[in-house]
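Okay, here's what each chain looks like letter by letter:
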Amino acid sequence: MYDYRDKKERLEELLRDAVRQGVCIAFSGGVDSSLLLAAACREQKRSGGTVFGVMFDTFLHTKGDEEAARKVSMECGADFAVLPVNELDNPAILDNPADRCYQCKKYLFARLKEFAEKHECAVVMDGTNADDPKAYRPGLKALSELGILSPLKEAGFTKGDVRRMAEEFGISAAGKPSNSCLATRLPYGERLDAKVLRQIAAGEEYLSELGFGTVRIRLHGPVARIEILPEQFSLFLNLREDIVARLKELGFLYITLDVEGFRSGSMDLGR
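Being a predicted model, the structure only gives us computed values, none of them experimental. (Residues numbered from 1 in each chain as written. Predicted model: local features only at pLDDT ≥ 70, side-chain atom pairs only at ≥ 80, totals over all residues. Heavy atoms only, no water.)

A. Molecular detail of the packing of helix α2 (residues 31–47) against helix α3 (residues 66–76). For the pair α2 and α3, the least separation of the axes is 9 Å and the interaxial angle reads 25 degrees. Classified by the angle between their axes, α2 and α3 sit roughly parallel to one another. Taken as a pair, α2 and α3 cross one another with a handedness that is right-handed. Here α2 contributes Ser-34, Leu-37, Ala-38, Cys-41 and Lys-45 to the contact with α3, which in turn contributes Val-72, Ser-73 and Cys-76. For the contact of α2 with α3, a count of residues per class yields five nonpolar, two polar and one charged. (Axes fitted to C-alpha atoms, helices over the stretch in contact; angles between N-to-C directions. Helix = DSSP H or I, 4+ residues; strand = E, 2+ residues; numbered from the N terminus. Parallel < 35°, antiparallel > 145°, perpendicular 65-115°, else oblique. Left-handed = near helix turned anticlockwise from the far one by under 90°. Contact = heavy atoms within 4.5 Å. Nonpolar A, V, L, I, M, F, W, Y, C, P; charged D, E, K, R; others polar.)

Pasting the structure below:
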């Protein structure tokens, strides 16, 4: 097992030749892709080449804070672009199948490869880290099939390693919580509806503004099951009346707090 310094050296090696060929990085503005972008730009300063940070603008992935993403790109010295893609145009994704993540990743990254070719970048990368394959991640198969490189994973970077190096680099996204595809808020097999996805996104944005850094609204028919960190349960209960009022305004009928707290992939239990 590599130690932290070995991992950093390995990451530099993986990026060195790739950056000279021109690199497009799927850039969400989160800590994983921000670190990868910063590390690639450091290699670019040493040996030349091109580095693009490309943010997807889609229905299933909240676009996030474009201004913050531009800030990170500017900090790193990367070119920045926004790529509009509508996954709901793909029938293989619309019915939210169990392999939805595979279908979605294949659809998105095929578009990103087209962008890369247009901008004469030979290499496309994403911010998958070494912890990601430990969970149910069918999308990783699609990345492999398309030839997408995941240098953080290949170098053995865990999520903890990523945050540590991001802090060392002074990246503004170092403490940013992870997010995921909005389709993960619905049970497998439930047809994806743009109106419902916007409703969920608005609810989560509201809760985030109240101070809930990690939050998911999982929808089970008329029941909204809210996942937050257990240490924030008391805050939630103190704000209960305001939260209920706002979420009902958004159209949620029954509102519940999941006492197990946030856990990634909780909808996978029913697949």
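B. Layout of the sheet that holds strand β2 (residues 51–57). The strand order across the open sheet built from four strands is β3-β2-β1-β4, with neighbouring strands paired in parallel fashion. The two strands at the open ends of the sheet, each matched to only one other strand, are β3 (79–84) and β4 (123–125). The average angle at which neighbouring strand axes cross in this sheet is 25 degrees, direction not considered. The sheet contacts of helix α1 (residues 4–21) involve β1 (23–26), β2 and β4, and relative to β4 the element is tilted by about 125 degrees. Contacting β2 and β3, α3 crosses the sheet at an angle of about 145 degrees to β3. (Pairing = 2+ DSSP bridges.)

C. Inspection of the pairing of β1 at higher detail. Residue alternation in β1 divides its side chains into two sets, Val-23 and Ile-25 and Cys-24 and Ala-26, and both sets are buried. Considered for its hand, the β-α-β crossover made up of β1, α2 and β2 is right-handed. Two elements, β1 and β4, share three bridges in a ladder whose sense is parallel. Bridge pairing in β4 links Val-23 to Val-123. (Buried < 20%, exposed > 50% of the residue type's maximum accessible area, 1.4 Å probe, protein only. Right-handed = clockwise from strand over helix to strand, strands pointing away.)

Read these as layout, nothing more, since geometry by itself doesn't imply function.
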